[in-house]
Amino acid sequence: METEFAFLVGAMVAGSIYLILDRNLIRFIFGLALLGNAVNLLIFTVGRLSSSRPPLIPEAATVPVAPVANALPQALILTAIVIGFALLAFVFVLFYRAYQEVGTVDTESMRVAEPDDTQRVAAATAETGEHR
């Protein structure tokens with residue numbers, strides 16, 4: 001079972017790298033989301049996929065008496081999901097703001113885009129130190 005998941009993670013990482021390297025900003029965001037899911041699946045797979053018992057210790061013992069499931073990968077994945085969601089929300093807001101300012105989703109066009117008149121006035125006042 002772990003072998004199939006390893007190939008699935010490899011395919012997801014390859015797909016996400018392909019999307020991230022594209023010049024379209026929307027595809028970059030989808031690639032970032034796919035990469036986050038691939039890493040979560042990788043952590044889950046490394047923690048071994050088994051249907052062992054929950055990690056409960058009997059009252060008379062100090063260590064588990066039988067093989068138990070490892071709860072650490074699940075806790076790491078839960079934390080990674082929350083952080084990944086926050087990162088994705090930030091990237092969406094950043095993308096929306098960049099699209100409003102520049103008017104394109106092509107990253108190559110964003111590099112050479114001219115700022116509008118309000119940005120030129122703001123830049124000129126910042127250089128001279130004048131305030132209105």
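Residues numbered from 1 in each chain as written. Predicted model: local features only at pLDDT ≥ 70, side-chain atom pairs only at ≥ 80, totals over all residues. Heavy atoms only, no water.

A. The arrangement of the packing of helix α2 (residues 25-46) against helix α3 (residues 72-102) in detail. α3 packs onto α2 with a crossing angle of 175° between their chain directions and a minimal axis gap of 9 Å. Viewed along their axes, α2 and α3 adopt a mutual orientation that is roughly antiparallel. Where α2 abuts α3, its residues L25, I26, I29, L32, A33, N40, I43 and F44 lie against P73, Q74, L76, I77, A80, I81, L87, L88, V91, F92 and F95. (Axes fitted to C-alpha atoms, helices over the stretch in contact; angles between N-to-C directions. Helix = DSSP H or I, 4+ residues; strand = E, 2+ residues; numbered from the N terminus. Parallel < 35°, antiparallel > 145°, perpendicular 65-115°, else oblique. Contact = heavy atoms within 4.5 Å.)

B. Structural detail: the packing of helix α1 (residues 2-20) against α2. The geometry of α1 relative to α2 is characterised by a closest axis approach of 8 Å and an angle of 160° between their N-to-C directions. One way to sum up the angle between α1 and α2 is to call them roughly antiparallel. In this structure, α1 crosses over α2, and the sense of that crossing is left-handed. Facing E2, F5, L8, V9, M12, V13, G15, S16, L19 and I20 of α1, the residues of α2 in contact are R27, F28, F30, G31, L32, L34, L35, N37, A38, L41, L42 and T45. (Left-handed = near helix turned anticlockwise from the far one by under 90°.)

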